[in-house]
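In case you want the letters, here they are:
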Amino acid sequence: MRSNAIIPGLGSHFRSRPVRLAVTLATVLTAATSPSQAASDLLDLSLEELSGVEVLSVSRKAQRLADTPAAVTVLTNDDIMRSGARSVPEALRLVPGVQVARIGSGRWAVSVRGLNGRYASKLLVQIDGRSIYSPLFSGVFWDIENLMLEDVARIEIVRGPGASLWGANAVNGVINIVTKRASETSGALVRLSVDHRGTPEAAVRQGFELGDWADGRVYALTTNRASFETMDGHRIEDAQNGWRAGFRIDSKERDRWSVSGSVYQHRGEEAVDLPAPGALDVVIDYEGANLLASRKWDWLGGEATLRAYLDYQSIDMNPVAGAIVSTGDVDFQHRLMPMGRHEWIWGLGVRYQNAEARARQTTLRFDPEVTQLKTVSAFAQDEITLVPKQWRLSLGARFEARNESTPEWQPSARLMWTPTDRDSLWAHWSRAVRTPSIGERTTDFIIGTQQVSVPPFGTFPFTVISRANPDLKPENLRAIELGYRRQLDAGNLEAVLFRHRYDGLVSQHMGSVDPLMQRIYIDRGSAGKAVSEGLELAADTRVHRNVRLLAAYTLLRVHFDETDDATQAAANDAIQSRNANHWLTVQARVDLPGRRQLDTTIRHSGALKTPGAERVSSYTVTDVQYLQRVSENFEWSLGIYDLFDEHHTEFNSDQFPSPYAYDGRRAVLTGRWQF
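Quantities reported herein were computed from a predicted structural model and do not represent experimental measurements.

A. The arrangement of the sheet that holds strand β6 (residues 123–127) in detail. Strand order in the open sheet made by the five strands is β3-β8-β9-β6-β7, with mixed pairing throughout. A strand with exactly one partner marks an edge of an open sheet, and here the two such strands are β3 (71–76) and β7 (130–131).

B. The arrangement of the packing of aromatic side chains in detail. Applying the stated criterion across every chain, the model contains 13 aromatic pairs. Judged by centre distance (6.3 Å) and plane angle (40°), the rings of Trp297 and Phe332 are tilted. Taken together, the residues Trp297 in strand β15 (residues 279–299) and Phe332 in strand β17 (residues 321–335) connect sequence positions 35 residues apart. Overall, the relative accessible area of 27% leaves Trp297 in the partly exposed class. In this structure, Arg60 packs its charged tip against the face of Trp166, placed 4.5 Å from the ring centre.

C. Spatial organisation of the pairing of strand β34 (residues 666–674). Counting buried residues along β34, seven of its nine residues qualify, which places the element largely inside the surrounding structure. Bridge analysis of strand β10 (residues 188–195) against β34 gives seven bridges, and the strand direction is antiparallel. Each residue of the ladder has a partner; that of Val190, found in β34, is Trp673.

D. View of the nonpolar core. Counting 26 residues, the largest nonpolar core has Leu75, Leu92, Ile155 and Ile177 as its most contacted members. Those elements that place two or more of their residues in this core are α4 (88–92), β4 (98–104), β5 (107–112), β6, β8 (152–159) and β9 (173–179). Ignoring sequence-local partners within four residues, the contact set of Leu75 consists of Ile80, Ala91, Leu92, Leu94, Val95, Ala153, Arg154, Ile155 and Ile157. Counting residues in hydrophobic clusters, the runner-up holds 24 residues, among them Ile284, Tyr286, Ala321 and Ala357.

E. Structural view of the side chain of Arg118. Tracing the chain through its elements places Arg118 in the loop between β5 and β6. Since its relative accessible area comes to 2%, Arg118 is described here as buried. With residues up to four places along the chain from it excluded, the contact list for Arg118 reads Ile103, Arg107, Trp108, Ala109, Val140, Asp143, Glu270, Phe651, Ser653, Asp654, Gln655 and Phe656.

Rules used in this analysis
What you see as residue numbers is a count from 1 along each chain, following the sequence as written. Totals for whole chains, interfaces and linings use every residue, but because this is a predicted model, local features are given only for residues with pLDDT of at least 70 and side-chain atom pairs only at 80 or more, for both listing and counting. To get the side-chain values, take all heavy atoms of the structure and skip hydrogens and water. Strand pairing is assigned whenever DSSP identifies at least 2 bridges connecting the two strands. Numbering of helices and strands runs from the N terminus; a helix is a DSSP stretch of H or I covering at least four residues, while a strand is a stretch of E covering at least two. Paired rings are identified among Phe, Tyr and Trp, the last through its six-membered ring, by centres lying within 6.5 Å, and are further divided according to the angle between planes into stacked (under 30 degrees), edge-to-face (over 60) and tilted (the rest). We call a residue buried when its accessible area falls under 20% of the maximum for its residue type, exposed when it is over 50%, and partly exposed in between, using a 1.4 Å probe and counting protein chains only. Only Lys NZ and Arg CZ are tested; either one counts as a charge over a ring when it is within 6 Å of the ring centre and within 35 degrees of the ring normal. Each nonpolar core is a collection of buried residues, namely Ala, Val, Leu, Ile, Met, Phe, Trp, Tyr and Cys, held together in the definition by side-chain atoms within 4.5 Å. Residues are treated as being in contact if the distance between any of their heavy atoms lies within 4.5 Å.

Laid out in structure tokens, this is it:
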């Protein structure tokens, strides 16, 4: 490939100097290294072996994926790397039921089974058991969760409630990101990448041994994402950049103990368009650190696990507000030896969180500014073998009490039938709750002005204020799910029907009017009721020795109950409109001769029908990644994203609204060395 070559099909968009430099770099690096036929263990993992991948998130113990009575998907490291993903949300596009929409550069909306939003509140996300669910907005700051994907062993996605084991906020799903043991990342790794605009990123990792008692690794990476554009091609100030460094140390004796931690800084620009004070160029600075330790030992004939972590996070949204959240969490579980047909697991948990929020605008107020959350919990689950190798029943419940709300029971029942070695069917019922966020309970903010007629004096502008409600009740979910999974000779099929019924959703209502202060209050309540229901289909099969096909399709309907309250109805319509009614992902992975790979992913999403505003049209995009492993130590890849699309938009942020952000065809060249 020549340095001045134009990549076929890409047109003049890629004739820029940075791309030519990147292509030149790839050519030189390819020529400078010698080919090798050495194999990579994970890349050569067979589908039969993949079907035996263990899952921890469904029952808090290792189970074969084929034996789990739940809608669960496991993305292996091979799945992640071959998807071309540069972040966790991009990898999640392969999973049915998971709606992933790009808001802007580094900003994402990710949800499971509907009710999507920038901080989708009903999804629990963990990294090695450490929750990254923020109590400020009841969601995940996906902007800053830039991980070293080479060190992620797998991502387990449980669709549907997991609250009976994992606690409040595991309402619509649980995402558990599991990193590799330190012994699996020995040696050094260097990764350099550059996109078609010349924006570089780098990552380094070094593994080491600590005598005969432990293995360890340290790593550091940078994040540097270019700004997106408006529909007419003007740049939006939403560039993202930052860094993260961390370590992990594991005992030589498998899973006996582990210590890990990380520190990070991240800066994100946003052109926020608030009703008051109006358009603002906002800079969000994140800083944080965390430390996680876990220990396993044999106890009373079973296995006990103790996990504890500390987490610190500072968010400075200049010039709007700032917040600091500190978390301490201790979790204990005990898995007993099987007793006849029963297999018990139980556990206890304690969590303390301190949140301090400060407003820098008169349009925003936190009352109180300091919130302390104290949570205690206990859970138990019994897996009962009704008929050996055919019928299994799992019953569980979690009790959780918090100083800011009433105690809650979150029960669950799963029944699984395996009529043959290849087929399994399951039914799942459970109840889960979502605790209101600190923002929902303590924040007043101005949402606009409205002209009000005051006879006989005339018409005056009144300020409309969304008012805090410290007495908000937890949101409730009752969910039912029916699933079928079949193991093929080389792959598997899965089909799941689900229905989620929500009560007590946070709602908006017309409150009081203060004519003297010229204010109209919109009050938050717990009156929202809705249903999300749908169908999830997934297929994974090898159609040729060198060709593997994966497909995931989701059909979704989200519908709120009718209400006579016009304010609540309008808020419900806005939430409902942020969910596509269907989306599809198809991926073909081709292993070419000479240790090369060509992976193509086609994604289609239905439209988002935002009422009274610019809507997000349906879109279909194609991503292509070519990889060549030219030696045991070096590989390079070229990813071209949105190959046939000039530009499109996927979502408009419901939190800190900003102009619709567009991005189109782009390329990323990556070189990866291991030695």
